[in-house]
Structure formats: C-alpha cells, structure tokens
Amino acid sequence: MVQRRKGRMAELPFAALARSRRPRRASRRPDAPAAIPPGGSQPDLFAAPMPGIRPVLTYLDTAAIGLGRVDVRQWRAGGAADGYLYHVTTQADLETIQARGTIVFSPRAPLVLTERPGVAPWLANMMEVMETDGMAGHTADIPVVFRVKRFVIDELLEHDPDRTRRHGVSFFLLTGLTRQE
C-alpha cells in the first residue's frame, strides 16, 4: 500500500526510468555573427560547375561561329594560317548542316578541322578515296570546304596528332570538351 506524506506519494521500489532527452537546438549567441556569405545572399549552387565534371557541348550555332562556304575553285595551296579553321566534307553534308543551322559533334564523333595549309592535302586525300570508291560524279558527293572562326571555338579544340603527323599540318578535333590548362 502506498502511503501519503503531506500531499506526496511515497516512492515506489522501482528504479527510475531514464528520461529521453530531446536534442536541444544550438543556442545562437547574440555576439556570434551569422554565417552569411559576402554579398548578402546565398550563392546559387546549381549555377556553379560541379568539381571534377567538365562541361560538354554537343552542337554549335552556325551563325555564331561564322560558318561560311569556301570556293574550292579559287583555293590556292600554300597559304599561311589565318583566323579560321577549315573542314572538308561533301555537298550533301554541308546542306544538312546549313538546313539544321547547327554543327553537331561529340567526344566520340568529333569534327575534324585544320588550318588553311591543311586543306589542300585533305582535299587530295578525299579525291583519291572518292576515285577508288567510284563515288565521283554524284552532285551530293562533290567535296566542299567550309570555315569557322577560330577564336570562337579555340577552347573546345584538341590537337589531332595522327592527322598532323600524316599531313605535316596542324589538325584539330572539335570534341565539345573545354580545355583545362
């Protein structure tokens, strides 16, 4: 039987249950400054590039890179490098690029580009391949050259050592990966 002592219950012979403590909030001292980044607002975490991940482009707008067709009939071999990079392709491929309005490429399928002195050996090589394959004579298979402004895509280029060694002129691959120097 439990006896009462002056309004209190007598203690039972059981061990006291441990009270569960809720974690307390860290008290903010008024003298400690709040952690606010400079500028007064929190930076946008999605706008910053992820560390270790390189941004990749997959296409470029033809107007932005200054794509222009070069007349092969007026081409002079031996010209010095200029502010453009050149690509040799077929008439059908150039029409597709112009209709789409973009040049599509990727690290697995890069666009090959060269400086002005590399166009003549590239054209000669393409003509040899076309003659042996029996493709010459079709309007869609006529080789054409287009150029793009080098300064716009310079950071997206990688050197192509195989073609450079084969032709003796600098060749580049437009992969879409930004160069990290």
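Residues numbered from 1 in each chain as written. Predicted model: local features only at pLDDT ≥ 70, side-chain atom pairs only at ≥ 80, totals over all residues. Heavy atoms only, no water.

Engineer: Describe the environment of V104, with residues and values.
Structural biologist: Its place among the elements puts V104 in strand β6 (residues 102–104). The spatial distance from the C-alpha of V104 to the C-alpha of D61 is 9.1 Å, given a sequence separation of 43 residues. Not counting residues up to four positions away in its chain, the partners in contact with V104 are T58 and Y59. (Helix = DSSP H or I, 4+ residues; strand = E, 2+ residues; numbered from the N terminus. Contact = heavy atoms within 4.5 Å.)

Engineer: Pulling in residues and values, what's your account of the layout of surface pockets?
Structural biologist: Over the atoms rolls a probe the size of a water molecule, and in doing so it shows where empty space is left. In this structure, the largest pocket occupies an estimated 160 Å³ of space. Around the largest pocket sit V88, W122, N125, M126, V129, R163, R166, H167 and F171, which together line it. Looking at the lining of the largest pocket, the elements with two or more residues in it are α2 (119–133) and α4 (161–167). When residues in the lining of the largest pocket are grouped by element, the largest group, 4 residues, is from α2. (1 Å grid on protein atoms, 1.4 Å probe; cavity = no way out; pocket = protein on both sides within 12 Å on 5 of 7 lines; lining within 4 Å. Points joined across faces, edges and corners; volume = space filled by probe spheres on them.)

Engineer: How would you explain the pattern of salt bridges if you had to name every residue and give the values?
Structural biologist: Under the criterion given, the structure shown has 4 salt bridges. One salt bridge connects R150 with E115, and the closest N-O pair in it is separated by 2.7 Å. Placement of R150 in helix α3 (residues 150–153) and of E115 in the loop between β7 (111–114) and α2 is noted, with a sequence separation of 35 residues between them. Residue classification places E115 among the buried residues on the basis of a relative accessible area of 16%. Overlapping salt bridges, with partners in common, bring together E115, R150 and D154 in one network. (Salt bridge = Lys/Arg side-chain N within 4 Å of Asp/Glu carboxyl O. Buried < 20%, exposed > 50% of the residue type's maximum accessible area, 1.4 Å probe, protein only.)

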